[in-house]
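# Commentary on secondary and tertiary structure
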There are 2 protein chains.
Amino acid sequence: MRGPANAEEASATTPRRGSIRLGLLGCGTVGGGVLELCAANARWLEGRVGAPLEVRRVLVRDPRKERVAACDPSWITTRPEDVVDDPEIDIVVEVMGGEEAALELVERAIAAGKGVVTANKLLLAKHGPRLVDLAIARGTDLAFEGAVGGGIPIIRTLREAFASDWVERLAGIVNGTCNYVLGRMREGGLGLDEAVREAQAKGYAEADPSLDTGGHDAAHKLCVLAMLAFGARVPASALHVEGIEGIEERDHRYAERFGYVIKHLAIGRDFGDAIELRVHPTLIPKTSVLANVSGVLNAILLEGRALGPCMLYGRGAGDLPTAVSVVSDILDVGRSIVAGASGLLTRGIAMEPRPLKPQEDVETRYYLRLSAPERPGLMARIAGGLGELGVSLEQMVQPERPTAPGDPVDIVVITHVAREGNVTAALERMRTEGLFAAPPRLYRIEVS
Amino acid sequence: MRGPANAEEASATTPRRGSIRLGLLGCGTVGGGVLELCAANARWLEGRVGAPLEVRRVLVRDPRKERVAACDPSWITTRPEDVVDDPEIDIVVEVMGGEEAALELVERAIAAGKGVVTANKLLLAKHGPRLVDLAIARGTDLAFEGAVGGGIPIIRTLREAFASDWVERLAGIVNGTCNYVLGRMREGGLGLDEAVREAQAKGYAEADPSLDTGGHDAAHKLCVLAMLAFGARVPASALHVEGIEGIEERDHRYAERFGYVIKHLAIGRDFGDAIELRVHPTLIPKTSVLANVSGVLNAILLEGRALGPCMLYGRGAGDLPTAVSVVSDILDVGRSIVAGASGLLTRGIAMEPRPLKPQEDVETRYYLRLSAPERPGLMARIAGGLGELGVSLEQMVQPERPTAPGDPVDIVVITHVAREGNVTAALERMRTEGLFAAPPRLYRIEVS
Ligand SMILES: NC(=O)c1ccc[n+]([C@@H]2O[C@H](COP(=O)([O-])OP(=O)(O)OC[C@H]3O[C@@H](n4cnc5c(N)ncnc54)[C@H](OP(=O)(O)O)[C@@H]3O)[C@@H](O)[C@H]2O)c1
Ligand SMILES: NC(=O)c1ccc[n+]([C@@H]2O[C@H](COP(=O)([O-])OP(=O)(O)OC[C@H]3O[C@@H](n4cnc5c(N)ncnc54)[C@H](OP(=O)(O)O)[C@@H]3O)[C@@H](O)[C@H]2O)c1
């Protein structure tokens, strides 16, 4: 989209080389966007890479489906080998999604020494460390800016801007669906199901929203972030993951009362000897920067030891934002190929297995919503039950009166910092003693 | 600060080469931070670059001054030629500040084919395009992440993440002093002078704060941003620059009443045929993301045609945040040298002279604070005066009653979108007719 004068000026000074030849795996939302951006910015991108980008092949399932205008019909193939086994292709762009097929094709492309660009967070969460190892061993590059935060340049920020720093903590709103649903519950007073249906109607949630609302999509992204932020080789299955399904409209009202909003966060912390990785609804102060990230927007807050806080904010999904990230990766990988320096990007990702702190050892503050039949001494009983396990309370309120005497009432407790295992043990003990009218709810509070 | 296991793993796979040899110009706040980070992360950085970083020389004015522990006394020199003329030095890191001396040394270093890293926004605002040209012609790299937004990775985001996008608009809080002073006026009810004195006491403002409060520092940074965001070769002197000196405590109260906060913003817009670059106090909605950036923090909002909004937020100054950015540049430039691909980074900065929209042709909304002796028909007279030049009003209020009849009162006007030349002409006409008791105040409103 830059002016031609720019592109000529840039390309006039770059060394000549044949083109950088691309093969796409997939031509859906993201793949179509990639083709459009490459076509619209061809000369400018050529200047940036030092060689023209040339699309060779595009793998799809259904060859009869209509494609974006930028997709030349002659590129279309349904045979994966036309892309990953063609020695004429320099970079394979995996934008097909899914796990098995994508894994096999990416492995083959790396083995053939091709650069690989992918936006597939599921693939990376499950196989990222191994794919990075393979790429390093083969001396080629694997880039994945599009996999987390759509158009937000979080991967390159972690890889490059934080190269001489230590990320002590990260907290991110990385799932737009959850953020939208929670926002509509809070501001519009909708119930969870109603908010999810609205998100579906607007195209912000899938027909089966459980990958998003269950927290799994956010967990995949946290795995990818942890590779770069903490050099951590952690299996996705090891993370503590909670979705937003248990949240009720009154939780938003109660949180508000204490000066908090509820956000679904992916949280990582580095303690040196161990790391913490967890995904769950979280109360954060209304005045914090993450609290004001609304709608389907994403934001990731990093706390560097030297850099201090750094937040990146933007569109977490969508064809063009994600495609801009994929194209920025194509440029990086392409430039390395032109410079004869393939593998340089990926070599910087140094990972090792890092012990994950068990969730019961996590120490933070808690919001507890307890339901119990009203009776004299109820508050004292709850405070005592928590106190027995060393959990001290900052506040305890009964926000609403019971409809009739003896009916269950909500008791909301805000704790000081406590070990999670002690909080859950105290709740379990009170539960088995028959104190509660419904299972207790526990949400964590993050302070900054 | 990464573990040794990581560093070894990374460096084991990188090709062997002699070290990348650094010469620093300056060892003050930023330079000292750079030396500390390089020492603390030596092995990790070596893995990232593919060769160890080795400091050779450090230029200072006063050789007897005490330096950070990481500064080996044998490096210190007061002779610039020891750094810029030494063929053994690969990268010159300019962290001395100022204009003339820095310019001469950076030019000599580029001419000698060395990579240059600088954090000097004044130098770049005045001579950036020419230095970039020199570096491109010489086939070497010039990097300057530290020059704007301290630790915020804004330069690499513009250079790389937005490589296939078109920045339509940017708006940034890029001067921490102004942001702190305005925040204290608004929240603490302080007068401007008092807030400036407080900022000085906390080390957030210089003894002579006028470079900051006059808007010039922000203008330098906007020039640098415009090179990358708009490919614009614009002299710093061409920008429209206003500082915060004219703002009074009541402006904050009035703005609040209409749902706005006052921020000092650097604003750039690209209209294709022309660009707009201006620095001034701006009213923005209380709910906008920039409104919640408090204290000395910086934030830059970019609007990409494809990417949509993207905001970066963090510490805009300070030894370590800025040093992290400088070191990230050293890594980039060093990696290019190791790969034998020097000049690749800088070649992507394609600039041309781009016409700047005259300030009178800017179209936006305005907040006008007018002072006039109270009399019947005053509001109608003002509305009429603006209307004669086609400026239509959204709101007009007299927020406070006069102390005595006939005393001057404040009239606050919020206009619809209007051409600035018409607004100023209308005000000037009313002023010459003797309507006002004090010079009218005009601040612009940005809506998103
Ligand atoms: N959409 C977003 O906003 C977004 C954001 C960030 C990351 N991502 C990631 O980007 C990737 C692609 O997402 P998308 O939204 O673009 O998906 P999509 O719209 O469903 O497109 C998938 C494309 O891949 C093709 N494909 C899928 N499986 C195939 C197979 N086994 N063999 C051959 N072709 C196959 C499909 O072919 P047909 O067209 O013939 O069916 C289609 O063209 C996913 O990993 C996703 O997680 C997406
Ligand atoms: N400080 C920040 O937070 C920050 C943030 C972003 C960008 N920057 C930029 O970074 C640059 C450096 O800032 P700083 O705060 O580090 O400055 P500083 O603390 O004043 O340090 C300047 C250093 O350069 C040396 N020096 C200055 N002029 C010299 C000359 N003519 N010959 C030899 N040595 C000379 C000084 O030597 P002596 O020590 O012997 O006096 C000192 O070591 C400036 O361009 C500034 O705008 C600073």
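Residues numbered from 1 in each chain as written. Chains lettered and ligands numbered in written order. Predicted model: local features only at pLDDT ≥ 70, side-chain atom pairs only at ≥ 80, totals over all residues. Heavy atoms only, no water.

Where we set the bar: UniProt positions are given in the numbering used here, feature names are shortened, and annotations may be inferred rather than shown by experiment.
The name recorded for chain A in an unreviewed UniProt entry is Homoserine dehydrogenase, from Polyangium jinanense. For chain A, the Sequence similarities (unreviewed entry) comment in UniProt is given as "Belongs to the homoserine dehydrogenase family."

## As for the sheet that holds strand β2 (residues 53-59) of chain A
Residues and elements named next belong to chain A. Worth spelling out the cut-off: Strands are treated as partners if at least two bridges between them are detected by DSSP. Going along the chain from the N terminus, every DSSP run of H or I of four or more residues is numbered as a helix, and every run of E of two or more is numbered as a strand. When checking whether two residues touch, look at their non-hydrogen atoms; a contact exists if any pair is within 4.5 Å. Note on definitions: angles span 0 to 180 degrees between N-to-C directions of axes, and those axes are lines fitted to C-alpha atoms, for helices only across the stretch in contact.
A sheet is described by the order of its strands in space; here six strands give the open sequence β3-β2-β1-β4-β5-β6, paired in parallel fashion. Every other strand in the sheet has two partners, leaving β3 (76-77) and β6 (142-143) as the edge strands with one partner each. Sheet topology places strand β1 (residues 20-25) next to β2; six bridges connect them, and they run parallel. Each bridged residue has a counterpart across the sheet, and for Gly23 the counterpart in β2 is Arg57. Where helix α2 (residues 29-40) meets the sheet, it contacts β1 and β2, and its direction lies at approximately 155 degrees from that of β1.

## Some thoughts on empty space enclosed by the protein
Put simply, the rule reads: Using a 1 Å grid laid over the protein atoms alone, points where a 1.4 Å probe fits but cannot get out form a cavity; open sets with protein on both sides within 12 Å along at least 5 of 7 lines form a pocket; any residue with an atom within 4 Å of a point counts as lining. Grid points are joined across faces, edges and corners, and a volume is the space filled by probe spheres set on the points.
Per the counting criterion, the structure on display carries four cavities of 30 Å³ or more. Of the voids in this model, the largest cavity is the one considered here, and its volume is about 310 Å³. Contributing to the lining of the largest cavity are 16 residues, with A:Ser336, A:Leu344, B:Ser336, B:Leu344 and B:Leu345 lying nearest its centre. Elements represented by at least two residues in the lining of the largest cavity include exactly α13 (319-338) and α14 (344-347) of chain A together with α13 (319-338) and α14 (344-347) of chain B.

## Side note on the environment of B:Leu211
Residue and element names in this part refer to chain B. Topologically, Leu211 is positioned in helix α10 (residues 210-213). Sequence spacing of Leu211 and Gly406 is 195 residues, and the spatial spacing of their C-alpha atoms is 40 Å. With residues near it in sequence (within four places) discarded, Leu211 still touches His216, Asp217 and His220.

## Re the site of ligand 2
Residue and element names in this part refer to chain B. This is how it is decided: What makes a residue near a molecule or strand is one non-hydrogen atom of that residue sitting within 4 Å of it. Here a polar contact is taken to be a pair of N or O atoms separated by no more than 3.5 Å, where protein atoms must pair a possible hydrogen donor with a possible acceptor and residues adjacent in sequence count only if both atoms sit in side chains.
In the vicinity of ligand 2, 21 residues are found, and the nearest of them are Val30, Asp62, Lys65, Arg67 and Gly318. The backbone of Thr29 places a nitrogen or oxygen atom 2.9 Å from an oxygen atom of ligand 2. In the model, an oxygen atom of ligand 2 is placed 2.7 Å from a nitrogen or oxygen of the Arg67 side chain.

## Quick look at the packing of aromatic side chains
For clarity, the threshold we go by: For Phe, Tyr and Trp, rings pair up if their centres lie within 6.5 Å, where Trp contributes its six-membered ring, and each pair is then called stacked (planes under 30 degrees apart), edge-to-face (over 60) or tilted (otherwise). Whether a residue is buried, partly exposed or exposed follows from its accessible area with a 1.4 Å probe, protein chains only, as a fraction of its type maximum: under 20%, in between, or over 50%, in that order. Only lysine NZ and arginine CZ atoms are considered, and such an atom sits over a ring when it is within 6 Å of the ring centre and within 35 degrees of the ring normal.
With the rule as written, the count across this model stands at four aromatic pairs over all chains. Ring centres of B:Tyr180 and B:Tyr204 lie 5.0 Å apart, and the angle between their planes is 70 degrees; on these two criteria the pair is classed as edge-to-face. Residue B:Tyr180 is located in helix α8 (residues 176-188), and its partner B:Tyr204 is located in the loop between α9 (192-201) and α10; the two are separated by 24 residues in the primary sequence. Residue class for B:Tyr180 comes out buried when judged on its relative accessible area of 9%. On the basis of relative accessibility, which here comes to 35%, the residue B:Tyr204 falls in the partly exposed class. In this arrangement the basic side chain of A:Lys357 is found over the ring face of A:Phe271, its NZ or CZ atom lying 4.0 Å from the centre.

## Re the site of ligand 1
All names here are of chain A. Where we set the bar: Only the protein chains shown count as covering a residue, and every accessible area follows the Shrake-Rupley method with a 1.4 Å probe. Three categories are distinguished: nonpolar for Ala, Val, Leu, Ile, Met, Phe, Trp, Tyr, Cys and Pro, charged for Asp, Glu, Lys and Arg, and polar for the others, with Gly belonging to the last.
As a structural note, the neighbourhood of ligand 1 is formed by 21 residues, with Cys27, Val30, Asp62, Arg67 and Gly318 the closest of them. In the environment of ligand 1, an oxygen atom lies 2.9 Å from a nitrogen or oxygen atom belonging to the side chain of Lys65. One of the side-chain nitrogen or oxygen atoms of Arg67 is found 2.7 Å away from an oxygen atom of ligand 1. In isolation ligand 1 has 900 Å² of accessible area, and contact with the protein removes 78% of it. For the shell around ligand 1, the residue count by class is eight nonpolar, eight polar and five charged.

## What about the interface of chain A and chain B?
Where we set the bar: Joining two parts hides part of their accessible area as seen by a 1.4 Å probe, and the buried area is that hidden amount summed over both.
Residue-level contacts link 60 residues of chain A with 60 residues of chain B. Carbon and sulfur atoms supply 57% of the area buried between chain A and chain B, which totals about 5600 Å² over both sides. Our count for the contact surface shared by chain A and chain B stands at 10 residue pairs in polar contact (both at pLDDT 80 or more). Of all the secondary structure elements, the ones that give two or more residues to the side of chain A that touches chain B are α1 (4-12), α3 (42-49), α7 (154-161), α11 (216-229), β12 (308-315), α13 and α14 of chain A. The biggest single contributor to the side of chain A that touches chain B is β12(A), with eight residues. Here the residues of the side of chain A that touches chain B sort into 34 nonpolar, 13 polar and 13 charged. Pairing between β12(A) and strand β12 (residues 308-315) of chain B: five bridges, direction antiparallel. Paired with A:Met311 across the bridge in β12(B) is B:Tyr313.

## Topic: the nonpolar core
Nonpolar side chains in soluble globular proteins tend to be buried together. For clarity, the cut-off: For the purposes of this section, nonpolar cores are sets of buried Ala, Val, Leu, Ile, Met, Phe, Trp, Tyr and Cys residues that join through side-chain atoms within 4.5 Å.
Counting residues in hydrophobic clusters, the biggest one holds 191 residues, and the most contacted among them are A:Phe144 and B:Phe144. Considering every element that reaches this core, the biggest residue donor is helix α11 (residues 216-230) of chain B, with 11 residues. Residue contacts for B:Phe144: discarding those within four places in its chain leaves B:Thr118, B:Leu124, B:Ile155, B:Val224, B:Met227, B:Leu228, B:Asp329 and B:Ile349.

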